[in-house]
Structure formats: structure tokens, C-alpha cells
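As a plain string of letters, each chain reads:
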Amino acid sequence: KSTLETVKADNRRLEEELERLDEVYDVHLFRVETVEKIIKDLADTITKIATGHNAVIARLKKKERELIKMSQLRSAKLKELSNEVDAITQKLTSSSIEKEEKKAFDVLKKEQEILVTMGDIIRVLKS
């Protein structure tokens, strides 16, 4: 009889231990499922961030290409304007040289007229 009671007590103790292990298993299973869900949510978030990141990079590269084109156009326009300024400067320089030459020529002409007049005056005075 004592063996039967011992076996029954052992069975009760084993059943209680099995219930406790079931509870521990359920808690651990819940934790594992929670961690798996967190990992999946993180993976989804990372995918969304990467997709957004790639879209931003694509937009930035497009902007970069646009800026390079604008810079090239601006450089070409600046070169064109620089050439125009050089041409205008050359014209102004040529024009001002011509004006100076004309002034010098006019002065020489007047001096020649004065010399001729003085020569006429000297001839009249000599005669």
C-alpha cells in the first residue's frame, strides 16, 4: 500500500511538474513569437527605409545631373558673354585709337595751317 501511495504521490508530483513545464514552455513560446514578430517588423521597416533611401538617392542623382547640365550651360553662356565683352572691348579700343589718331591728325593739320599762315606772313613781311 505504501508503494501505491508513493507511486500516486510521484505521479501527482510529476503532473504538477509537467503543468509547470507547460506554463514555462508557453511563456517561452510567447517570447519567441514576440521576438519573431519584432524581427519581422524591423525587417519590414528596414525594407521601407531602404526603398525610401533608394528613391531619395535616385532623386538626388537626377538633381545632380540637372545641376551639371545647368552648370555646363552657364559656363557656355559665360564663355559667350566673355567673348562678347572681349569683342566690345576690342571695338572700343580700336575706336578710341582711331579717335586719338584723328585728334592727332587734326592737331597736325592745324599746326600745318598755322605754319603755312606764318610762312605767308613771313613772305609778306619780307616783301
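Residues numbered from 1 in each chain as written. Predicted model: local features only at pLDDT ≥ 70, side-chain atom pairs only at ≥ 80, totals over all residues. Heavy atoms only, no water.

Quick notes on a negative patch on the surface
Inclusion rule: Patch criteria: residues need more than 30% relative accessible area and no salt bridge. Like-charged residues are merged within 9 Å; nonpolar side chains of Val, Leu, Ile, Met, Phe, Trp and Tyr are merged within 5 Å. Here the accessible surface of atoms and residues is derived via Shrake-Rupley with a 1.4 Å probe, and residues count as covered only by protein chains that are part of the display. Whenever Lys or Arg places a side-chain nitrogen within 4 Å of a carboxyl oxygen from Asp or Glu, that contact is recorded as a salt bridge. Positive charges come from Lys and Arg, negative ones from Asp and Glu, while His and the chain ends are left out of the count. Lys charges are placed at NZ, Arg charges at CZ, Asp charges at CG and Glu charges at CD. The secondary structure listing takes helices from DSSP runs of H or I that are at least 4 residues long and strands from runs of E that are at least 2 residues long, numbered from the N terminus.
Together, Glu15, Glu16, Glu19, Asp22, Glu23 and Asp26 make up a region of like negative charge exposed at the surface. Along the chain, the position of Glu23 falls in helix H1 (residues 2–126).

Re the pattern of salt bridges
Basically, it comes down to this: Under the scheme applied here, a residue whose accessible area is under 20% of the maximum for its type counts as buried, over 50% as exposed, and between as partly exposed, the area being computed with a 1.4 Å probe on protein chains only.
Under the counting rule described, the total for this entry stands at nine salt bridges. Of the charged contacts in the structure, one is a salt bridge between Arg123 and Asp120, with a shortest N-O distance of 2.8 Å. In this pair, Arg123 and Asp120 are both assigned in helix H1, three residues apart and thus about one turn of the helix distant. Relative accessible area serves as the criterion here: at 56%, Arg123 is assigned to the exposed category. On the accessibility criterion, Asp120 (36% relative accessible area) is partly exposed.

Looking at a nonpolar patch on the surface
Together, Ile114, Leu115, Met118 and Ile122 give the surface a local cluster of nonpolar side chains, amounting to about 400 Å² of exposed area. Of note, Ile114 is situated in helix H1. Classification of Ile114 by relative accessible area gives partly exposed; the value is 49%.

The analysis is restricted to geometry; functional conclusions fall outside its scope.
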